[in-house]
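Per-entry structural report
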Amino acid sequence: MLKVERLGVRYGGITALREVSIEVQQGETVLLVGSNGAGKSSLINAVIGLVPAASGSIRFEGQDLAKLACPARARMGIGYSPEGRRIFRSLSVTENVLSSTLGVPQAKARENLAWMQQVFPLLSERGDQPANQLSGGQQQVVALARAVSTLPKLLLLDEPFLGLAPVWIGRISEAIRELQRRGTTILMTEQMARPALKLADRAYVMRSGEVRRSGTVDEIRELALAEEYL
Ligand SMILES: Nc1ncnc2c1ncn2[C@@H]1O[C@H](COP(=O)(O)OP(=O)(O)OP(=O)(O)O)[C@@H](O)[C@H]1O
Ligand SMILES: [Mg+2]
């Protein structure tokens, strides 16, 4: 479904990614693990189109994404939840969740919102509240719901567990499992490898802008956990 080949990303003189190749098959959950500055966000951001590829290619369902801007990539079926759950602080919870659904048939967006509200009652209970009144965990739920609101085929989750208490890590994990049951393909990043490894089928270990190893989660668990403590 997603094929990244020999991708390079640079910020001015800084090389953030060097010859990175990864693949995500339909229905899989793939994890990018690696410590601070490994290049995880750069890879996610290159896939959604927030940063340009300096070299290499990114293909989604066989189509080269190079010339497509973010909205076009979203319309193709790529959903994105950014690191640090950047939600619209002054908008209500419901407004946040629906803020990405331009172009999604309204009935579908509503149906999907109802599904999200079932998984996370807080989305309806606090639907009219400004998002900045929510806790970190609740805000992450809003960010996840917004990313899912477009019914993406491929969901990009950049550190969904960052800074969350264990109870929220559990709840978000449950929602991710629910999405997996619905057939959503997921590419996620996490420094907190332990809970993320429980969700993933395969993982890539990244360091200094390169993929150092890849394999099934069982194959790379030890290395990934060592990486977590670097
Ligand atoms: N906007 C930017 N301008 C300049 N350098 C950047 C920018 N964003 C990231 N970098 C650099 O690119 C490299 C990769 O960063 P990136 O954010 O992709 O890593 P990461 O694995 O997501 O790290 P973290 O776990 O901290 O989120 C780092 O050296 C970082 O300092
Ligand atoms: Mg990051």
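Scroll up for the structure.
Note that residues are indexed from 1 along each chain, following the sequence as it is written. Chain letters and ligand numbers both follow the written order, the letters beginning at A and the numbers at 1. Per-residue local features of the predicted model are confined to residues with pLDDT of at least 70, and side-chain atom pairs are confined, for both listing and counting, to 80 or more; whole-chain, interface and lining totals are unaffected and use all residues. As a rule here, side-chain values cover all heavy atoms of the structure and leave hydrogens and water aside.

Here we take up the site of ligand 1. Looking at ligand 1, there are 14 residues lining it, with Asn 36, Gly 37, Lys 40, Ser 41 and Ser 42 nearest. Residue Lys 40 places a side-chain N or O atom 2.7 Å away from an oxygen atom belonging to ligand 1. Between ligand 1 and Ser 42 there is a distance of 2.6 Å, counted from an oxygen atom to a side-chain nitrogen or oxygen. In these tables, accessible area is a Shrake-Rupley quantity obtained with a 1.4 Å probe, and a residue counts as shielded only by the protein chains included in the view. For ligand 1, the accessible surface in isolation is 630 Å², of which the surrounding protein chains cover 63%. A helix here means a DSSP run of H or I that spans at least four residues, while a strand means a run of E at least two residues long, and both kinds are numbered starting from the N terminus. Sorting the residues of the shell around ligand 1 by element identifies strand S2 (14-24) and helix H1 (40-48) as the ones contributing at least two each. Near, as used in this document, describes a residue that has one of its heavy atoms within 4 Å of the molecule or strand being considered. Identification of polar contacts relies on pairs of N or O atoms within 3.5 Å, with a donor-acceptor requirement for protein atoms, meaning one able to donate a hydrogen and the other able to accept it, and with residues adjacent in sequence counted only if both atoms are side-chain atoms.

Turning our eyes to something else, we now look at the side chain of Ser 81. Looking at where Ser 81 falls in the secondary structure, it is placed in strand S6 (residues 78-81). Summary of the burial criterion: residues with accessible area below 20% of their type's maximum are buried, those above 50% are exposed, and those between are partly exposed, where the area comes from a 1.4 Å probe applied to protein chains only. Judged by its relative accessible area of 1%, Ser 81 falls in the buried class. Residue contacts follow a heavy-atom distance rule, with two residues in contact if any of their heavy atoms lie within 4.5 Å. Residues within four places of Ser 81 in sequence aside, it is in contact with Gln 140, Ala 143, Leu 144, Ala 147, Leu 156, Leu 157 and Asp 158.

With that settled, the discussion passes to the coordination of the magnesium ion (ligand 2). With water excluded from the atoms, a metal site may look incomplete; its donors are any N, O or S atoms within 2.8 Å, or within 3.2 Å for Na, K and Ca. At the metal site, the magnesium ion (ligand 2) is ligated by Ser 41 (OG) and Glu 83 (OE), and these contacts range over 1.9 to 2.0 Å. Pair noted here: Ser 41 is in helix H1 and Glu 83 is in the loop between S6 and helix H3 (93-98), with a separation of 42 residues, a long-range link. Residue classification places Glu 83 among the partly exposed residues on the basis of a relative accessible area of 31%.

Further remarks concern the pairing of strand S1 (residues 2-11). Note that S1 and S2 share seven bridges and pair antiparallel. Residue Leu 2 lies in a different strand from S2, and its bridge partner there is Val 24. A pair of strands is considered paired only if DSSP assigns at least 2 bridges between the two. Where S1 folds back on S2, the antiparallel hairpin that results is connected by two residues, among which Gly 12 adopts a positive phi of roughly 55 degrees. Here S1 runs beside strand S4 (residues 55-60); their pairing, made up of five bridges, is antiparallel. When the sheet's bridge partners are listed, Val 4 is paired in S4 with Ile 58.

What follows concerns unusual backbone geometry. One non-glycine residue, Arg 6, lies in the positive phi region at around 45 degrees. As for its placement among the helices and strands, Arg 6 is situated in strand S1. At Arg 85, a position not held by glycine, the phi torsion is positive, near 35 degrees. Looking at the element boundaries, Arg 85 is found in the loop between S6 and H3. By relative accessible area, Arg 85 is classed as buried at 15%.

In short, the description is geometric, and any link to function would need to be established separately.
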